[in-house]
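# A look at the structure
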4 protein chains.
Amino acid sequence: MIDFEHGLRVYWEDTDAGGVVFYANYLKFFERARTEWLRALGFEQERLRVEGGAMFIVGGTTVRYLSPARLDDFLQVSVRLTERGRVSMTLFQQARRASDGALLAEGEIRIGCVDSRTFKPTRIPVSILQALDAAASTLPAPIPE
Amino acid sequence: MIDFEHGLRVYWEDTDAGGVVFYANYLKFFERARTEWLRALGFEQERLRVEGGAMFIVGGTTVRYLSPARLDDFLQVSVRLTERGRVSMTLFQQARRASDGALLAEGEIRIGCVDSRTFKPTRIPVSILQALDAAASTLPAPIPE
Amino acid sequence: MIDFEHGLRVYWEDTDAGGVVFYANYLKFFERARTEWLRALGFEQERLRVEGGAMFIVGGTTVRYLSPARLDDFLQVSVRLTERGRVSMTLFQQARRASDGALLAEGEIRIGCVDSRTFKPTRIPVSILQALDAAASTLPAPIPE
Amino acid sequence: MIDFEHGLRVYWEDTDAGGVVFYANYLKFFERARTEWLRALGFEQERLRVEGGAMFIVGGTTVRYLSPARLDDFLQVSVRLTERGRVSMTLFQQARRASDGALLAEGEIRIGCVDSRTFKPTRIPVSILQALDAAASTLPAPIPE
């Protein structure tokens, strides 16, 4: 589950009058990839929210926009877990154009787990932690919290 | 409250690679105007949802896109109540460019009131009905449900 | 190419505070399906815009919102060509939840071909017309312009 | 022009199923404020793009999401120029809820000027540089490029 990848197409809705993908939309692309990464780990966020009373929220994002993507481009968006705590984690994500591998945008996304009613930080559910640790066990080196 | 108007600016986020406002965004512009129209009548939807357990949802939209708007254009979006029932209403809305009055898009939006938990149709709160009727009393002719 | 279908997932970006898909986003879902339908017919819109100087724009939309979709739902969005002229066409589209087949939204979308610089109506490129006619030849009955 | 502020309302379109503003939308809010800041300095980006052949693009964003905003909240979004080069600049921006002053999100946005056709870096137009310098002259201390 290291270097999970999710493919997606650029549609009209993603572009702006500059003729390229509107930069804020890379945050959407990154999130789609994280959602599919969690799904691949066995977790659905709507179920987590409704049944578990917990949500992952984004606490911070740092993104570098390197090259423009255009309508009809097909992108590969990657997810790598780089830090895992008990209430939050950090992911490194990249978006590349599939046709030529050009790096379009990349960044670090910090995710926190909160109570879906109060928005107060809460422990990441144990089942998810275990799945993350199983994935993280193959990382090159442990990363302290 | 007939022909309520709300002004808004076109930003990068609203445009697409065609260089003009992405057509789906007129639904957002129309909704901003409806929200401000309700606010002008004395109602806030978040309070209605949290305290009253009711939400207005959109049941149907018919929109004609007539002329393109561009980045930096300032638009005037109108709201006219054309039909009022006990659980739903219909509004006629237009978006015009302020600088030259050009009609950009117009359409009919059908709104229904639902229980915010079950999404089942529910009566529009009496206080809102009364405010709507006060506004509607100035309409040219009564419109049967 | 009749009843073309495109599958897509509902992500956080697609939802609103009502807990369901924001209705305006069905226009985005419908467009993604139309884009993939054109791609399946052999046409890419960015190439059409840059090389051919033509764009398809949306002239009118009528959408009925029937049932709410939620985060993590997987949708099937259909495209059926119902009318084909020389500068415009009309499509009937539906969005269903894949898990139970529930009809979420449906509508008619009128598309016109315009010069990408002047936004004036122009003929749909012959190659596209031919591909559409090949698809339309299997329709139950001819639809006059 | 230091600490320019732009007010905006949170609408349904801005929220997600968590019941709060979708975090990616703060980038839109920040951009609306930057656009109004440039307009207040006398510059319109559409004119710059069409007549001047130049565009400002976002090269990097670092945003911290501190507290959730909800439907109907009115926000004040600030813009402060913190660094000014010949082809790029950096802005510090904050979004606060007007009613209680709560800091919702803040971050640094790096903007670059590019040729609107080739997307290659180009000088910020002299007239804009002069306006920025006039504004920057009131900054506490010069910031080297």
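Owing to the predicted nature of the structure, the values given are computational and were not obtained by experimental measurement.

In terms of regular secondary structure, chain A is built from three helices and five strands. By the compact-globule yardstick of 15 Å for 145 residues, chain A fits well, its C-alpha radius of gyration being 16 Å. For chain A, the spread of C-alpha atoms along the principal axes amounts to about 45 × 35 × 25 Å. Scored against the burial criterion, the 145 residues of chain A give a buried share of 58%. A sequence separation of at least 24 residues applies to 67% of the contacts in chain A between residues at least 6 apart. Computed over 18 positive and 19 negative side-chain charges, the separation of the two mean positions in chain A equals 5 Å.

Right, let's get into the side chain of C:H6. Along the polypeptide, C:H6 turns up in strand β1 (residues 4–9). Overall, C:H6 belongs to the buried group, its relative accessible area being 15%.

With that out of the way, let us pick up the relation of the copies chain D and chain A. Superposition of chain D onto chain A requires a rotation of 180° combined with a translation of 0.0 Å along the rotation axis, giving an RMSD of 0.0 Å. Look at the turn and shift together and you get a two-fold axis relating the two. Identified as the residue of chain D closest to the rotation axis by C-alpha distance is D:T62, at 2.1 Å.

Each regular strand displays side chains that alternate between the two surfaces of the sheet. Residues and elements named next belong to chain C. Taken together, the 11 bridges between strand β2 (residues 54–65) and strand β5 (residues 103–115) define a ladder with antiparallel strand orientation. In the strand pairing of β5, T62 is matched with E108. Of the pairings in the sheet, the one linking strand β4 (residues 88–97) to β5 comprises nine bridges and is antiparallel in character. Across the sheet, the residue bridging to L91 is I109, located in β5. The turn linking β4 back onto β5 is made up of five residues, and G101 within it adopts a positive phi angle of 75°.

Accessible area lost when the parts come together is the quantity often used to give the size of an interface. Contacts between the two partners involve 23 residues from chain D and, on the opposite side, 23 residues from chain A. Summed over both sides, the interface of chain D with chain A buries roughly 1,900 Å², with 58% coming from carbon and sulfur. Contact with chain A buries area across many residues of chain D, yet D:Y23, D:Y65 and D:F119 alone supply 27% of it, more than any other trio. Applying the counting criterion to the chain D and chain A interface returns zero salt bridges. The interface formed by chain D and chain A contains 12 residue pairs in polar contact (both at pLDDT 80 or more). The element that contributes the greatest number of residues to the side of chain D that touches chain A is strand β2 (residues 54–65) of chain D, accounting for nine residues. For the side of chain D that touches chain A, the per-class residue count stands at 12 nonpolar, five polar and six charged. Bridging between strand β2 (residues 54–65) of chain A and β2(D) involves five bridges; their strand directions are antiparallel. The residue bridging A:T61 from the neighbouring strand is D:V63, located in β2(D).

Moving on, we come to the sheet that holds strand β5 (residues 103–115) of chain B. Here we have 10 strands laid out as an open sheet, ordered β1(B)-β3(B)-β4(B)-β5(B)-β2(B)-β2(C)-β5(C)-β4(C)-β3(C)-β1(C), and antiparallel in their pairing. Looking along the sheet, the strands with just one partner apiece sit at the ends: β1 (4–9) of chain B together with β1 of chain C. Pairs of neighbouring strands in the sheet enclose a mean axial angle of 25°, with direction left out of account. Contacts from helix α3 (residues 126–136) of chain B reach β2 (54–65), β3 (74–84) and β4 (88–97) of chain B within the one sheet, and its direction differs from that of β3(B) by about 100°.

Applying the stated criterion across every chain, the model contains 56 salt bridges over all chains. A salt bridge links D:R39 to B:D72; its shortest N-O distance comes to 3.3 Å. Taken as a pair, D:R39 in helix α1 (residues 25–40) and B:D72 in the loop between β2 and β3 lie in two separate chains rather than in one. A salt bridge links D:D3 to D:R80; its shortest N-O distance comes to 2.7 Å.

The next subject is the packing of aromatic side chains. Residue and element names in this part refer to chain A. If you walk through the whole model with that rule in mind, you get 16 aromatic pairs over all chains. Seen in terms of ring centroids, Y23 and Y65 are 5.6 Å apart; in terms of plane orientation they differ by 80°. Their pairing is edge-to-face. In this pair, Y23 sits in the loop between β1 (4–9) and α1 (25–41) while Y65 sits in strand β2, placing the two residues 42 residues apart along the sequence. Judged by its relative accessible area of 12%, Y65 falls in the buried class. Each residue in the set F22, Y23, Y26, F29 and Y65 is aromatic and connected to the rest through ring pairs, giving one cluster.

The next subject is the confidence of the model for chain A. Close inspection of predicted coordinates is inappropriate in any region flagged by low pLDDT. Residue and element names in this part refer to chain A. Averaged over all residues, the pLDDT of chain A equals 92, while 92% of them reach at least 70. Mean pLDDT values over the elements of chain A span from 88, in helix α3 (residues 126–136), up to 98, in strand β4 (residues 88–97). Overall fold confidence for the complex sits at a pTM of 0.93, while the interface term, ipTM, reaches 0.91.

Taken together, a rotation about one axis and a shift along it account for how the two chain copies relate. Mapping chain D onto chain C is achieved by rotating through 180° and translating by 0.0 Å along the same axis, at an RMSD of 0.0 Å. The residues that chain D uses at the interface reappear at the interface of chain C in 100% of cases, marking a shared surface.

Attention now moves to helix α1 (residues 25–41) of chain B. All names here are of chain B. Here α1 spans 24 Å end to end across 17 residues, near enough to the 24 Å set by a 1.5 Å rise per residue. Along α1, 16 of the 17 residues are buried, which leaves the element largely enclosed by surrounding structure. Just past α1, the residue G42 takes up positive phi, approximately 105°.

This paragraph deals with α3(B). Residue and element names in this part refer to chain B. Buried within α3 we find I128, L129, A131, L132 and A135. The buried residues of α3 occupy one face: seen down the axis, they fall within an arc of 165°. Summarising the geometry of α3, the exposed residues directed more than 90 degrees from the buried face are V126 and Q130. Along its buried surface, α3 packs onto α1, α2 (45–52), β2, β3 and β4.

Each value, and the rule that gives it
Residues numbered from 1 in each chain as written. Chains lettered and ligands numbered in written order. Predicted model: local features only at pLDDT ≥ 70, side-chain atom pairs only at ≥ 80, totals over all residues. Heavy atoms only, no water. Helix = DSSP H or I, 4+ residues; strand = E, 2+ residues; numbered from the N terminus. Rg over C-alpha atoms; globule rule 2.2 N^0.38 Å. Buried < 20%, exposed > 50% of the residue type's maximum accessible area, 1.4 Å probe, protein only. Contact = heavy atoms within 4.5 Å. Lys, Arg positive; Asp, Glu negative; His and termini not counted. Charge placed at Lys NZ, Arg CZ, Asp CG, Glu CD. Least-squares fit on C-alpha atoms with pLDDT ≥ 70 in both. Pairing = 2+ DSSP bridges. Buried area = accessible area lost by both parts, 1.4 Å probe. Salt bridge = Lys/Arg side-chain N within 4 Å of Asp/Glu carboxyl O. Polar contact = N/O pair within 3.5 Å; in protein donor to acceptor, adjacent residues only side chain to side chain. Nonpolar A, V, L, I, M, F, W, Y, C, P; charged D, E, K, R; others polar. Axes fitted to C-alpha atoms, helices over the stretch in contact; angles between N-to-C directions. Phe/Tyr/Trp six-rings, centres within 6.5 Å; stacked < 30°, edge-to-face > 60°. pLDDT = per-residue confidence, 0-100. Expected span 1.5 Å × (residues − 1). Arc of directions from axis to C-beta.

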